[in-house]
Amino acid sequence: MRELRYREALREAIAEEMERDDRVFLMGEEVGYYQGAYKVSEGLLERFGTRRVVDTPITEEGFAGVGVGAAMVGLRPIIEFMTWNFSAVAFDQIINHAAKIRQMSGGQFSCPIVFRGPNGAARQTGAQHSQCWEAFYTHIPGLKVVAPATVADAKGLLKSAIRDDNPVLVLEDERLYGLKGEVPDGDAVVPIGVSAQRRDGDAVTIVTWGKMLHMVLPACELLAKEGVECAVIDLRSLRPLDLGPTLASIEKTGRALVVQEAWPYGGVGAEVVDRIQRDAFGALKGPVLRVTGRDASMPYNKHLEDLTIPSVDTVVRGVRAVLAW
Amino acid sequence: MPVAAPTDELLALHRQMLLIRRFEEASAKAYSQGKIGGFLHLYIGQEASAVGALANLGEGDAIVGTYRDHGIALARGMSPRACMAELFGKVTGCSKGLGGSMHFFDAEKRMLGGDGIVGGHVAVAAGVAFASKYRGRKEVTVCFLGEGSVSIGGFHEALSLASLWALPLVVIVENNEYSMGTPLSRTLSVHDTSQKAHGYGMASDRFGTSDVLEVKRRVGEAVARARETSKPTLIEVQTYRYRGHSMSDPGKYRTADEVELRKKTDPIVKAEADLRAAGVSDADLARVEAEIEAEVEDAVRFADESAEPGEELIEAYTYA
Ligand SMILES: Cc1ncc(C[n+]2csc(CCOP(=O)(O)OP(=O)(O)O)c2C)c(N)n1
Ligand SMILES: [Mg+2]
């Protein structure tokens, strides 16, 4: 075990896979000479050279498409979006090309590509730069979507994403890049499609992912002081979705809460709630509730931003609301 | 329009440039004090671009810019108080504290943003120009973007449409030589971004920003072309930003010598030298400087003392 920061864990995953496989390359804005807008790729240009660490102009649709084409003929591109907000410009490539190549070609071509970058709110970066993208991309058959919440998962899930033969979208988080945590020695691969139980409890099963895990765990500690012990499931992979541990936990608790940073309308939380009501109906003592970001574009003002994103406090209130049934 | 005496004209432009510079210096300070959050992209060094360009506009004309929008907002005559209050996230800000540094808007001044996703805003600007033509009004839209954004599709589709439909649009590429940490030579296969006009059969121009009067005159030709003949123009202005891309950029990709060298062609320094040569006294210039300092101080005080937006504003503007 070693302690790393989240951004260093991502960097290790990229470097180890590039070392292992010459087909793997990194492409995106400021990934090379500038050492990465958020320093994830620091040192990689020096180590691997300009053939494999490719700086691009501001051309999201272009370089996402270059990645798709290269992947169709066997390379394994890692495409960095400076933030996922800019993937909107590359939407067509991800949705109409990457996701559909395999099916449209009757299985002749696949698209082993990784799209990655920070997702969700940073700090006071306003409406266009604070969005959660999981609802958009998990909607699409043909795409896999993962959202590492821990340092070990940052490394392990990214490695799996690079080795996967499908397009995999890795939703990182600017507020997590500095997070420290333990990473197992060796390959440290974390499989896609396996959720993780982060805490055990008998009162409420909380399902979450990404940076919200770090709101949920402190909320659980506060609640534990009152004798309310919550179980916490970190989904890690949003498509495919592994609800096995969630359903097993609900058998014990009979109550569930989904916590997501994203907007409430539709989305991953709604999908989770739908599956729980179908697959654990008999165990439920009350409705499954959600704590979500407020249904509005992100305000710049700090106070309003804090009110828009779920907090430890809103999670605690969410648990109380679930228990009130 | 009455023709101002050359000295008066330069005095007015110089005052605007100085206002922008002092405003930006004050915002950098407020940022370091934690009064401004998020991204802050300063316009210091580029003042002559917005000031010279927008001096050609009248009331009905419109502007669209990027996240580097403080300079164009002030050059358009937006209130320094409302601009500073926006940076402070206050309800008295030009976007009620909801937009922040990257999203300055002012319907009355026809400032349509402040857009944070580059490229798409050029098409939006073409749409504003389309509306002017649709209504049969002789209005012009001016759109700003950085040289690093010239490769993106939105820019090209917008130029293609503006030229095809003869829209009264002036697109100004502010070539400050860097796109974050990347020099132009690594973002584009040509050095001259105004060449992009040729493929669209569009008029183009290219010049530096050390002389604000020259900027005004050259952009004025494009504005007149748009107004009189409804033909778009693509302009590259060669300029330079003295500060980092944003406050978090340490600027390791260039040397201090390079920045110092570029400060030698500073538009404010040149304007002051030209004013002195035309007989404006040091005392007169000092008075302008003092007035601007007071105006910026007043803006900071106003922003400091203004109220935060209330929670009810979170959803208030989601729909019309
Ligand atoms: C579509 C899109 N991709 C990436 C970004 C992130 N980004 C913001 S500014 C910038 C550099 C822009 O440089 P340039 O166009 O030269 O303008 P300048 O900042 O120099 O004014 C980048 C990459 C963005 N805002 N929009
Ligand atoms: Mg630039």
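**Regarding the interface of chain B and chain A**
- Between chain B and chain A, the contact holds 39 residues from the first and 28 residues from the second.
- Carbon and sulfur atoms make up 60% of the area that chain B and chain A hide from each other, which totals about 2,700 Å².
- Among the residues chain B hides against chain A, the three largest losses belong to B:Ile117, B:Arg186 and B:Ile314. Together they make up 22% of the total.
- The tally of links from chain B across to chain A stands at three salt bridges.
- Among the ionic pairs, B:Glu315 bridges to A:Arg294, the shortest N-O distance being 2.9 Å.
- Where chain B touches chain A, the interface holds 15 residue pairs in polar contact (both at pLDDT 80 or more).
- When residues of the side of chain B that touches chain A are traced back to their parent elements, those giving at least two are α4 (80-87) and α11 (313-316) of chain B.

**Examining the domain arrangement of chain A**
Residues and elements named next belong to chain A.
- Segmentation of chain A into domains returns domain 1 (2-183) and domain 2 (196-323).
- With 34 residues of domain 1 at the contact, the number on the domain 2 side is 24 residues.
- At the junction of domain 1 with domain 2, the criterion picks out four salt bridges.
- Arginine 175 is the partner of glutamate 305 in a salt bridge, and the nearest nitrogen-oxygen pair spans 3.7 Å.
- Our enumeration of links across domain 1 and domain 2 arrives at 14 residue pairs in polar contact (both at pLDDT 80 or more).
- Mapped by element, the contributors of at least two residues to the side of domain 1 that touches domain 2 are α6 (134-138), β6 (144-146) and α7 (151-163).
- Among the elements that make up the side of domain 1 that touches domain 2, the one with the highest residue count is α6 (four residues).
- When the residues that make up the side of domain 1 that touches domain 2 are grouped by side-chain class, the tally is 18 nonpolar, ten polar and six charged.

**So, the packing of helix α1 (residues 6-32) of chain B against helix α2 (residues 47-54) of chain B**
All names here are of chain B.
- One can describe the packing of α1 onto α2 by two numbers: an axis separation of 9 Å at closest approach and a directional angle of 140°. Considering the angle they form, α1 stands oblique to α2. When the axes of α1 and α2 are compared, the crossing they make is right-handed. Residue-level inspection shows Leu13, Gln16, Met17, Ile20 and Arg21 of α1 in contact with α2, the latter providing Glu47, Ala48 and Val51.
- Taken together, the residues that form the contact of α1 with α2 break down as five nonpolar, one polar and two charged.

**Remarks on a nonpolar patch on the surface**
All names here are of chain B.
- Residues Phe130, Tyr134, Leu161, Leu164 and Trp165 make up a contiguous nonpolar surface patch of about 600 Å² in total accessible area.
- Elements with a minimum of two residues in the nonpolar patch: α5 (120-134) and α6 (153-164).
- With respect to the secondary-structure elements, tryptophan 165 resides in the loop between α6 and β4 (169-175).

**Remarks on the pairing of strand β4 (residues 76-80) of chain A**
All names here are of chain A.
- Across the five residues of β4, five count as buried, placing the element largely inside the fold.
- The two faces of β4 match: Arg76, Ile78 and Glu80 on one face and Pro77 and Ile79 on the other face are all buried.
- In this sheet, strand β5 (residues 114-118) lies alongside β4 in parallel orientation, the contact comprising three bridges. Each bridged residue has a counterpart across the sheet, and for isoleucine 79 the counterpart in β5 is phenylalanine 115.

**Focus on the layout of surface pockets**
- Roughly 570 Å³ of internal volume is contained in the second largest pocket.
- Every residue lining the second largest pocket is counted, 20 residues in all, and those nearest its centre are A:Ala127, B:Ser95, B:Leu98, B:Gly99 and B:Phe105.
- Elements with a minimum of two residues in the lining of the second largest pocket: β2 (111-115) and α11 of chain B.
- Ranked by the residues each element gives to the lining of the second largest pocket, the list is headed by β2(B), at four residues.

**Quick look at the coordination of the magnesium ion (ligand 2)**
Residues and elements named next belong to chain B.
- Of the protein atoms, only Glu147 (OE), Asn176 (OD1) and Tyr178 (O) coordinate the magnesium ion (ligand 2), at distances of 2.1 to 2.2 Å.
- In the primary sequence, the donor residues of the magnesium ion (ligand 2) line up as E-x28-N-x1-Y. With respect to burial, asparagine 176 and tyrosine 178 carry one shared label: buried.

**Examining the sheet that holds β4(B)**
Residue and element names in this part refer to chain B.
- What the six strands build is an open sheet, ordered β2-β1-β3-β4-β8-β7; its pairing is parallel. The open sheet has two free edges, formed respectively by β2 and β7 (203-208), since each of these has just one partner strand. For this sheet the average axis-to-axis angle between neighbouring strands, irrespective of direction, equals 15°.

**Section: helix α12 (residues 312-323) of chain A**
Residue and element names in this part refer to chain A.
- The terminal C-alpha atoms of α12, which comprises twelve residues, lie 17 Å apart, in line with the 16 Å expected from a rise of 1.5 Å per residue.
- Three or more residues of α12 are buried, namely Val315, Val316, Gly318, Val319 and Val322. Projected onto a plane normal to the axis of α12, the buried residues spread over an arc of 160° and lie on a single side.
- Each element contacted by the buried residues of α12 is listed here: β10 (204-208), α8 (213-224), β11 (230-234), β13 (256-259) and β14 (289-291).

**Side note on the pairing of β10(A)**
Residues and elements named next belong to chain A.
- In terms of burial, β10 is largely enclosed, as five of its five residues are buried.
- Every second residue of β10 is oriented toward a common face, with Val204, Ile206 and Thr208 on one face and Thr205 and Val207 on the other, all of them buried.
- A crossover connection joins β10 to the parallel β11 through α8; in handedness this β-α-β unit is right-handed.
- Two strands pair when backbone bridges link them, and β10 and β13 are joined in this way by three bridges, in the parallel orientation. Each bridged residue has a counterpart across the sheet, and for isoleucine 206 the counterpart in β13 is leucine 257.

**Digging into the packing of aromatic side chains**
All names here are of chain A.
- Inspection of the entire model under this criterion finds 15 aromatic pairs over all chains.
- Through pairs of rings, three or more aromatic residues link up here, namely Phe63, Phe81, Trp84, Phe91, Phe115, Trp133, Phe136 and Tyr137.
- Above the face of the tyrosine 34 ring, lysine 39 is positioned so that its terminal group lies 4.4 Å from the ring centre.

**Quick look at the confidence of the model for chain B**
- Looking at chain B, pLDDT values average 97 and 98% of them are 70 or higher.
- Interface scoring of the predicted complex returns ipTM 0.96; its pTM is 0.97.

**Some remarks on the site of ligand 1**
- Taken together, 21 residues lie around ligand 1, and A:Glu60, B:Tyr67, B:Arg68, B:Gly116 and B:Ser149 are the ones closest in.
- Site remark: ligand 1 is flanked by residues from chains A and B.
- Within the contact set of ligand 1, a nitrogen atom lies 2.8 Å away from a backbone nitrogen or oxygen of B:Gly116.
- For ligand 1, an oxygen atom lies 2.9 Å from a polar atom in the backbone of B:Gly148.
- Look at ligand 1: alone it shows 580 Å² of surface, and the protein chains cover 97% of it.
- Tallied by class, the residues present in the shell around ligand 1 amount to ten nonpolar, seven polar and four charged.

What counts, and at which threshold
Residues numbered from 1 in each chain as written. Chains lettered and ligands numbered in written order. Predicted model: local features only at pLDDT ≥ 70, side-chain atom pairs only at ≥ 80, totals over all residues. Heavy atoms only, no water. Contact = heavy atoms within 4.5 Å. Buried area = accessible area lost by both parts, 1.4 Å probe. Salt bridge = Lys/Arg side-chain N within 4 Å of Asp/Glu carboxyl O. Polar contact = N/O pair within 3.5 Å; in protein donor to acceptor, adjacent residues only side chain to side chain. Helix = DSSP H or I, 4+ residues; strand = E, 2+ residues; numbered from the N terminus. Domains from an automatic or database assignment. Nonpolar A, V, L, I, M, F, W, Y, C, P; charged D, E, K, R; others polar. Axes fitted to C-alpha atoms, helices over the stretch in contact; angles between N-to-C directions. Parallel < 35°, antiparallel > 145°, perpendicular 65-115°, else oblique. Left-handed = near helix turned anticlockwise from the far one by under 90°. Patch = residues over 30% accessible without salt bridge, like charges linked within 9 Å, V, L, I, M, F, W, Y side chains within 5 Å. Areas by Shrake-Rupley, 256 points an atom, 1.4 Å probe, with all protein chains shown as cover. Buried < 20%, exposed > 50% of the residue type's maximum accessible area, 1.4 Å probe, protein only. Pairing = 2+ DSSP bridges. 1 Å grid on protein atoms, 1.4 Å probe; cavity = no way out; pocket = protein on both sides within 12 Å on 5 of 7 lines; lining within 4 Å. Points joined across faces, edges and corners; volume = space filled by probe spheres on them. Donors = N, O, S within 2.8 Å, 3.2 Å for Na, K, Ca; no water. Expected span 1.5 Å × (residues − 1). Arc of directions from axis to C-beta. Right-handed = clockwise from strand over helix to strand, strands pointing away. Phe/Tyr/Trp six-rings, centres within 6.5 Å; stacked < 30°, edge-to-face > 60°. Lys NZ or Arg CZ within 6 Å of the ring centre and 35° of its normal. pLDDT = per-residue confidence, 0-100. Near = heavy atom within 4 Å.

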